[in-house]
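One letter stands for each residue in the lines below.
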There are 2 protein chains.
Amino acid sequence: MLFCGYSFVFPIPSIPVNYSVLPIIVQKYGGTSVANPERIKQVARRLLETQQQGYSVVAVVSAMSGVTDSLIQLAKEVSQKPVGREIDVLLATGEQTTMALMAMAIEDLGGKATSLTGAQAGIVTNAFHTKAKIHHILPDQISAELAEGKIVIVAGFQGETSDGEITTLGRGGSDLTAIALAAALQAQECHILTDVEGVFTCDPRVVPTAQKIKVISYDEMLEMASSGSKVMQSRSVEFAKKFNVIFEVRSSFNNQPGTIVKEESPDMEQVVVRGISIERNQAKVTITNVPDRPGCAARIFTAVAEAQLVIDVIVQDVSAHGATNISFTLNRDELEKMGNLMDQVAQEIVAGPVHKEGGIAKLSVVGIGMRTHSGVAARLFEALAQGGINIQMISTSEIKIAVIIEESAVEKAAQLAHVAFGL
Amino acid sequence: MLFCGYSFVFPIPSIPVNYSVLPIIVQKYGGTSVANPERIKQVARRLLETQQQGYSVVAVVSAMSGVTDSLIQLAKEVSQKPVGREIDVLLATGEQTTMALMAMAIEDLGGKATSLTGAQAGIVTNAFHTKAKIHHILPDQISAELAEGKIVIVAGFQGETSDGEITTLGRGGSDLTAIALAAALQAQECHILTDVEGVFTCDPRVVPTAQKIKVISYDEMLEMASSGSKVMQSRSVEFAKKFNVIFEVRSSFNNQPGTIVKEESPDMEQVVVRGISIERNQAKVTITNVPDRPGCAARIFTAVAEAQLVIDVIVQDVSAHGATNISFTLNRDELEKMGNLMDQVAQEIVAGPVHKEGGIAKLSVVGIGMRTHSGVAARLFEALAQGGINIQMISTSEIKIAVIIEESAVEKAAQLAHVAFGL
């Protein structure tokens, strides 16, 4: 639906521009891109240039970097457990501040702009405060302002319930605002402008020869995101996939093309592995001698869920002598809490000792080509074996193979895999 | 209508409280009263105590002190002349931050609270950005929240046009919000809580024996406000007078009674002078030898109005030899700009030299008793003469006598007048 190839003729300057027929571009600028007045002015110039290229421009802005954290700090100082409704009211001021400054900066450069809160932009959400879901968008006011030739600045991350309550969308919410607006406005392009140049075949700090990926499928982007490439939160990519919004991740500091994220096409399967992502700071917990009877494994994972802890790779050994070992990985920061919890659970279900281990990492190779190309796992294992790197756990999906290894070996592993898959 | 003496019985704790029949109190807390998390928590406790005394409580809050200035500074950094619409969007975040923190603090103490922006509180204004006027108030949501036993926190200083645009009410806007809400909600009481204890017979830093005034009429309060006692902006007092809202100015740092401001009653005329206010940092401009023909004086004051300068006391000498001297006072900070302007005008209308003089002050004695008691001016002039203080200019209204004197003499003058009128 987007990138629909609609034929656009640049208006001749002497004829009044009919703004309502211009293709719409939605651009999202994150916190570092609007971190201070100087950067806000740079973005304002960029938005004007984009408009002059013949677009109706909608800019979604985040809070200036640091502002949201300061507000959360204030909340903690007045309340031990701030209520969600009021957190949303509080945090919404961050994006509102940026949007007003951005509109002022554009007007100061001689452009026309107007800023809109989530509510004013017609972003209607459910009432699940701090993690609201967008229910629908009524973009009438945006369209009306665009038709007057204005650049419309929308506060990211926020919306309003149908009762007029302020809500926020949770982590990565501004990306979601941009993608949802692109869908609602049937935008021709959607840019997520950030402090990186796009999605890379691997983290360039780890693999200096890493390349920027030109095009990536939604599913590959999701696997990359969920395995450590924190360019975007998964939910925004899922939303884009659901509504088929093609978007491009690019740098707000230059005009280089970035990475286009779209539905997969047959030619994309030619590449077996699109990229490699690594996630450090992982930990592993093993509950030994878990009795092999119904309910024991369930008890473990219910306790994890109740404590709102997040686990990643799970491996259960083949049962022997009526008992088995269950291992899983998690973020290192939660190891102590998880360890204590599992000690209790192990006692309860009469299992053996619980082993806790930090200092591990996850390396994932991702590519939709895996569906049609065999031997990917073998090639990965061979590369790691050549480097003398021991694989502790393995997890696979249709388009991903992830291995758990020593954290100290992760850079070498990434370099070997990068070479092995010809990236 | 307010203070209507409606009989209120404190509910017996074991019976569910019918919140919708409780008398309503509106309390406004200024920037210094909510300057930091600690003070916000203090105000939260105070609001809960007020509720426990059997009131439905509406609190109007300002931005934390310093926040509005920081936002204006940011605006100046992105724009040489920020547009009014966006200034309003920007500044409105200040009060929104405070209101969320206040609601959190109340909930943290075990109370029930909800915060509302100007828009959510139903404060509908005209579209005159940065100085909007309240058109009407639709307090349905406030009433609904109060009926649920919640303390309602309303962002001061802001409203919304009927088109959903954010507006602000200009200087002293939070006082106006409080007084307008008190009128709309038919509140039984309205408190303006600030960093002073009330209105005093004179500035206690100047006259140590100054007394807190228990009751003052709207007109006296207006004269005090317009002559230097900056407890409140005139427009809020005017609004209160128009809608007959009785309010009390009191300290947010203790529970002492403050000063009640209300319509005058016959007994209030017993006091000849209610208070003395002084305004320092004044200046005087005299245009000499203004030709005594039609249009010359008009030209002077048109130029002043066009330059958006504010002048106070005006004196024109008796004409002699076809010419006259015109003098007026103004704020010292604007003397240079005004002096340059008057130099031009004097040349234009072929007047004599323009004298500019700083270092003067205004002392005003205010009281509705002057209407019925004669000799007030004589008593003031006599007191000043005894102190050897020279009067440069005199200005009077029905309930005020103001004199322009040397700034260095103003403390002595205030002390002498304070004694002369038995304050």
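Residues numbered from 1 in each chain as written. Chains lettered and ligands numbered in written order. Predicted model: local features only at pLDDT ≥ 70, side-chain atom pairs only at ≥ 80, totals over all residues.

> Tell me about the overall build of chain A, and name the residues and values.
Looking only at helices and strands, chain A has eleven helices and 18 strands in total. Taken over the C-alpha trace, chain A has a radius of gyration of 24 Å; the compact-globule value for 423 residues is 22 Å, and the two agree within 12%. Counting only C-alpha atoms, chain A reaches 85 × 55 × 35 Å along its principal axes. Per-residue burial over chain A gives 48% buried out of 423 residues. Long-range contacts, defined as pairs at least 24 residues apart, comprise 75% of the intrachain contacts of chain A with a sequence gap of at least 6. (Helix = DSSP H or I, 4+ residues; strand = E, 2+ residues; numbered from the N terminus. Rg over C-alpha atoms; globule rule 2.2 N^0.38 Å. Buried ≥ 20, exposed ≤ 12 C-beta atoms within 10 Å, placed from the backbone. Contact = placed C-beta atoms within 7 Å.)

> Explain the domain arrangement of chain A to me, and be specific about the residues and the numbers.
Considered domain by domain, chain A is made up of domain 1 (19-195) and domain 2 (276-420). Spacing between the C-alpha centres of domain 1 of chain A and domain 2 of chain A amounts to 39 Å. (Domains from an automatic or database assignment.)

> Account for the sheet that holds strand 17 (residues 393-397) of chain B, naming residues and giving values.
All names here are of chain B. If you trace the six strands from one edge of the open sheet to the other, you get 14-15-13-16-18-17, paired in antiparallel fashion. Single-partner strands in this sheet number two, and they are strand 14 (311-316) and strand 17. Shown here is a sheet whose adjacent strand axes are inclined to one another by a mean of 30 degrees, direction ignored. Relative to strand 15 (residues 323-331), strand 14 runs antiparallel, the two being bridged by four bridges. Of the residues in strand 15, the one forming a bridge with Ile314 is Phe328. In this fold helix 8 (residues 296-306) packs onto strand 13 (275-291), strand 14 and strand 15, with an angle of close to 130 degrees to the strand it touches most, strand 13. (Pairing = 2+ DSSP bridges. Axes fitted to C-alpha atoms, helices over the stretch in contact; angles between N-to-C directions.)

> Which residues make up unusual backbone geometry, and what values go with them?
Residues and elements named next belong to chain A. Despite not being glycine, Thr130 has its phi angle at roughly 70 degrees, a positive value. The backbone of Val350 sits at a positive phi, close to 55 degrees, despite the residue not being glycine. Within the secondary structure layout, Val350 lies in the loop between helix 9 (335-348) and strand 16 (354-366). Look at Val350 and you get exposed, because 11 C-beta atoms sit within 10 Å.

> Tell me about the environment of B:Ala303, residues and numbers included.
Residues and elements named next belong to chain B. Structurally, Ala303 is set in helix 8. Note on Ala303: 17 C-beta atoms within 10 Å, which makes it partly exposed. Between the C-alpha atom of Ala303 and that of Met338, which follows or precedes it by 35 residues, the distance is 9.7 Å. Leaving out residues up to four positions away in the same chain, Ala303 has contacts with Leu341 and Val345.

> Got a sec to walk through the sheet that holds strand 1 (residues 24-29) of chain A? Specific residues and values, please.
Residue and element names in this part refer to chain A. Within the open sheet, the eight strands sit side by side as 3-6-2-1-9-11-12-10. Their pairing is mixed. Each having just a single partner strand, strand 3 (113-116) and strand 10 (215-217) make up the two edges of the open sheet. For this sheet the average axis-to-axis angle between neighbouring strands, irrespective of direction, equals 25 degrees. Direction of pairing for strand 10 relative to strand 12 (residues 259-262): parallel, over a ladder of three bridges. Counted as the bridge partner of Val215 is Ile260 from strand 12.

> Any chance you could break down the relation of the copies chain B and chain A for me, citing the residues and the numbers?
Aligned on chain A, chain B shows an RMSD of 0.1 Å; the corresponding rotation is 180 degrees and the shift along the axis is 0.1 Å. In short, the pair behaves as if placed about a two-fold rotation axis. The position closest to the rotation axis in chain B is occupied by the C-alpha of B:Thr93, lying 2.6 Å away. Comparing interface residues between copies, 100% of those in chain B also lie at the interface in chain A; the contact surface is shared. (Least-squares fit on C-alpha atoms with pLDDT ≥ 70 in both.)

> Lay out the interface of chain B and chain A with the relevant residues and their values.
Taken together, the 28 residues of chain B in the interface contact 28 residues of chain A. Counting only elements with at least two residues in the side of chain B that touches chain A, the list comes to helix 1 (37-52), helix 2 (67-78) and helix 3 (84-108) of chain B. Residues that form the side of chain B that touches chain A fall into these classes: 15 nonpolar, eight polar and five charged. (Nonpolar A, V, L, I, M, F, W, Y, C, P; charged D, E, K, R; others polar.)

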